[in-house]
Amino acid sequence: MWAWGCVERVAAGLLGGPLAGGGRWNTAVAVGVTAAAGLAVVAIVVSSRRGGLKSPWWRRRRKAPLTAQEWRALFTPEGKLEDGGVKLLKKVRSGGIEPSIRALVWPFLLGVYSLDSSEAERDAIKAKNRKGYLLLRKHCLRKYAYSMEESKQSSNKTAGINPEGSISSEKGEESGCVSSVESEEVPENPSVEEAISTEEGNPCPSTELELQDDTSGTKPEKMDENQSSSSSSNEEEIERSDVTHVEASHKDLASVCESSLEDGQESLPRYLHTGGNMDDIELSKAARPVKSARAVEDFETWQRIIRLDAVRANDEWVSYSPSKASVSREKAIESAKAVCLKDYEHLEPYRIHHASRLVAILEAYAIYDQEIGYCQGMSDLLAPLLAVLEEDDEAFWCFAGFMRKARHNFRLDEVGIRRQLNMVARIIKYKDFHLYRHLEMLQAEDCFFVYRMVVVMFRRELTFEQTLCLWEVMWADQAANRSGIAKSPWRRMRLGAPATDDLLLYAIAASVLQKRKLIIESYSSMDEIIRECNSMAGQLDIWKLLDDAHDLVVKLHDRIE
């Protein structure tokens, strides 16, 4: 009101007071001056509050998670999100997502679907993505067939083949398909070894494998009408199944058997820096395995590590997704056979099934992004997605979207990790120089003690549900930046809080700052700080952490990024 009074006095002075003449000219000037002054006042108020934005996660401001009813209300009749997705992102950032609709919302947050896409466009993308995933799985099987052939030739030259017909060389055992699953009978489905052995032109050993669906693009183009009708009926069966990835994997196997090398020229999805959905992905024309010792060696190494990590994966997700924990042992063994999993006899059926899904998707990703391949820790990032997403192809593309940012954590040169650790160190330095000096004294100023938090994105420091909440907020920030929403002043104001691609790093710094007193007064070595960070599991308040992280973003964003 004081500012408005000043404006009125200035206007009155310019016009010569209420008794001064001038008529229409004076009236026009008065209106113009008043409007200009009003804009100036708004600018002053906005500017003065820029550093005082309240966090959307502040206790009194935090809203309930996005519900199914609210989700449906966000769409126009054409199936597009209203206002380009601003309402969606604002809601997710302030309260998260109700568990029942996470599988519907995540593809938007992870860039599988554009925020301005229509329902028809999403259907087309889904069909393309499914075909692309099955091509990747078929490529994995071809690589296995090639490595097994190489192993067999090497074995014949050295130790030969034992009477049971299994390869006696150590390399053959490591390939993953000479497995103890053969001892368990599942009569309806032949083993992967038997099916793969026919790839060089022999007929497929079982008509059970001749299942086809809308992914017929991965097979020769000439199909009769009976095959087409069989395709649609089998697709319906897949949709009704609780373990859809088993059938899909066997379709992959059937494709390998039937098409052999005839469809070797089909386009294979490859990682491209802009990739999120199939339209943004560079398609390679070389679908056959790269027959070089280096390529095979790398894939075999990735295969071994993937299988070890999959079998060792914990079952924290079970209570969150009880429907996926009700898999029968027969179905679990089928899924293990489909991906050549072994050494799983000690696991419960639901863990065998979960491990098989991990193997299928991580192998496909190793082919998709060969620069990264597979590194330990990636299974920690994939496991929560599998607990939410039923379909393997959808889980794969969501994981690929997640990895657009996370892949830098797994580079062999560790450039991405060093950049992030350096950023955490700078946040701490600018926020609390006293704490930073103490870290320098302990030779811990490089913040190596938060290495695990950075690599697996708080996965081991938070509970399962807390992890999903943090990741959803983080994905919403990244989606706002990716779509350009965060660059528009008006849309940025509607989001309520500045969006950043590095919210995770601000949250990590906030978790350290919450322990500042303990670190300064009680710890005299980096090892003690590492133990403290590793003991945070289950002790963090995720919304308080996000509130503190937001405070750091508001105050330090311009200095840090």
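Residues numbered from 1 in each chain as written. Predicted model: local features only at pLDDT ≥ 70, side-chain atom pairs only at ≥ 80, totals over all residues. Heavy atoms only, no water.

As recorded by an unreviewed UniProt entry, the protein carries the name Rab-GAP TBC domain-containing protein and is attributed to Digitaria exilis.

**Topic: the overall build of the protein**
How we decide: Strands are runs of DSSP state E lasting at least 2 residues, helices are runs of H or I lasting at least 4, and numbering of each runs from the N terminus. For every residue, the accessible area obtained with a 1.4 Å probe (protein chains only) is divided by the maximum for its type, and the residue is called buried under 20%, exposed over 50%, and partly exposed between those limits. Whether two residues are in contact is decided by their heavy atoms: any pair within 4.5 Å suffices. Residue-level accessible areas treat just the shown protein chains as cover; the underlying method is Shrake-Rupley with a 1.4 Å probe.
Summing up its helical and strand segments, the protein has 24 helices and 2 strands in all. In the protein, buried positions account for 52% of the 561 residues. Of all intrachain contacts in the protein linking residues separated by at least 6 positions in sequence, the fraction that spans at least 24 positions is 75%. Accessible area for the protein stands at about 26400 Å²; split by element, carbon and sulfur atoms hold 52% of it.

**Observations regarding helix H4 (residues 86–95)**
Counting buried positions along H4 gives 8 out of 10 residues, so the element sits mostly inside the fold. Restricting attention to buried positions, one finds in H4 the residues Val 86, Leu 88, Leu 89, Lys 91, Val 92, Arg 93, Ser 94 and Gly 95. At the C-terminal side of H4, Gly 96 shows a positive phi close to 85°.

**Let's talk about the packing of aromatic side chains**
Definition in use: When two rings of Phe, Tyr or Trp (its six-membered ring) have centres within 6.5 Å they constitute a pair, described as stacked for plane angles under 30 degrees, edge-to-face for angles over 60, and tilted for the intermediate range. Whether a charge lies above a ring is judged from NZ of Lys or CZ of Arg, which has to be within 6 Å of the ring centre and within 35 degrees of the ring normal.
Per the stated rule, a full pass over the model turns up 17 aromatic pairs. Pairing Phe 448 with Tyr 451 gives two aromatic rings, centres 5.2 Å apart and planes at 35°, and the pair type is tilted. Given a relative accessible area of 42%, Phe 448 falls into the partly exposed group. Put simply, the rings of Tyr 133, Tyr 365, Tyr 368, Phe 396, Trp 397 and Phe 399 pair up and form one aromatic cluster. Sitting over the ring of Tyr 430, Arg 559 keeps its end group 4.2 Å from the ring centre.

**Focus: helix H15 (residues 392–406)**
Selection criterion: Expected span, for any helix, means 1.5 Å times one less than how many residues it has.
With 15 residues, H15 should cover 21 Å at 1.5 Å per step; its first-to-last C-alpha distance of 20 Å lies within 8% of that length. Counting buried residues in H15 gives 14 out of 15 residues, a clear majority hidden from the surface.

**Overview of the packing of helix H16 (residues 415–431) against helix H21 (residues 503–513)**
Helix-helix packing is characterised by the crossing angle of the two axes and by the distance between the axes. Keep this limit in mind: A fitted line through C-alpha atoms serves as each axis, taken over the contacting stretch for helices, and the angle formed by two N-to-C directions is quoted from 0 to 180°. Here the word oblique covers every angle except those under 35 degrees (roughly parallel), over 145 (roughly antiparallel) and from 65 to 115 (roughly perpendicular). Helix crossings fall into two classes, left-handed where the near helix is turned counterclockwise from the far one by less than a right angle and right-handed where it is turned clockwise.
The geometry of H16 relative to H21 is characterised by a closest axis approach of 9 Å and an angle of 50° between their N-to-C directions. With respect to each other, H16 and H21 are oriented oblique. As for the relative orientation of H16 and H21, their crossing is right-handed in sense. Where H16 abuts H21, its residues Arg 419, Gln 420, Met 423, Val 424, Ile 427, Ile 428 and Lys 431 lie against Leu 505, Tyr 506, Ile 508, Ala 509, Val 512 and Leu 513.

**Thoughts on the confidence of the model for the protein**
Note the threshold: A score from 0 to 100, pLDDT tells how confident the predictor is in each residue.
On average, residues of the protein carry a pLDDT of 74, and 63% of them reach 70 or more. Here strand E2 (residues 283–284) is the element of the protein with the lowest mean pLDDT, 33, and helix H5 (residues 102–109) is the one with the highest, 97. With pLDDT under 50 throughout, residues 163–176 is counted as low confidence; its partners more than four residues away or in other chains account for 28 contacts. Low pLDDT (under 50) marks residues 274–294, which in the prediction has 56 contacts with non-local residues, meaning those over four places away or in another chain.

**Some details on the environment of Glu 528**
The residue Glu 528 is located in helix H23 (residues 526–534) in this model. Taking relative accessible area as the criterion, Glu 528 reaches 22% and is therefore assigned partly exposed. C-alpha of Glu 528 to C-alpha of Phe 449: the two residues are 79 residues apart in sequence and 9.3 Å apart in space. For Glu 528, the contacting residues outside a window of four places in its chain are Ser 522 and Tyr 523.

**Considerations on the environment of Ser 524**
One can find Ser 524 in the loop between helix H22 (516–522) and H23. Expressed as a C-alpha distance, the spacing of Ser 524 and Leu 439, which sit 85 residues apart in the sequence, is 9.2 Å.

**Digging into the state of the cysteines**
Our working definition: Working definition: a disulfide is two cysteine sulfur atoms within 2.5 Å of each other.
Going through the model one piece at a time under the given rule, you end up with 0 disulfides. A disulfide-free cysteine, Cys 533 has its sulfur positioned 9.1 Å from the sulfur of Cys 447, the nearest such atom.

**Quick word on the packing of helix H14 (residues 378–388) against helix H19 (residues 464–483)**
Rule in force here: Ten residue types, Ala, Val, Leu, Ile, Met, Phe, Trp, Tyr, Cys and Pro, are classed as nonpolar, four, Asp, Glu, Lys and Arg, as charged, and the remainder, Gly among them, as polar.
Here H14 crosses H19 at 95°, and the two axes come no closer than 11 Å. When the axes of H14 and H19 are compared, the pair comes out roughly perpendicular. Contacts between H14 and H19 involve Asp 380, Leu 381, Pro 384, Leu 385, Ala 387 and Val 388 from the former and Phe 464, Leu 468, Trp 471 and Trp 475 from the latter. Across the contact of H14 with H19, the residue classes tally to 9 nonpolar, no polar and 1 charged.

**Section: unusual backbone geometry**
Despite not being glycine, Asp 343 has its phi angle at roughly 60°, a positive value. Owing to a relative accessible area of 47%, Asp 343 belongs among the partly exposed residues under this scheme. One non-glycine residue with positive phi stands out, namely Phe 458, at about 70°. For Phe 458, the position within the fold is in the loop between helix H18 (451–455) and H19.

**A few points about the pattern of salt bridges**
For the record, the criterion: Each reported salt bridge corresponds to a side-chain nitrogen of Lys or Arg within 4 Å of a carboxyl oxygen of Asp or Glu.
On inspection of all chains with the given rule, the structure shows 24 salt bridges. With a closest N to O distance of 3.0 Å, Glu 371 and Arg 411 form a salt bridge. Within this pair, whereas Glu 371 is found in the loop between helix H13 (349–368) and H14, its partner Arg 411 is found in the loop between H15 and H16, the two being separated by 40 residues in sequence. Using a relative accessible area of 25% as the deciding quantity, one classes Arg 411 as partly exposed. Between Asp 380 and Arg 460 there is a salt bridge whose closest N-O contact spans 2.8 Å. Placement of Asp 380 in helix H14 and of Arg 460 in the loop between H18 and H19 is noted, with a sequence separation of 80 residues between them. Overlapping salt bridges, with partners in common, bring together Asp 369, Glu 371, Arg 407, Arg 411 and Asp 413 in one network.

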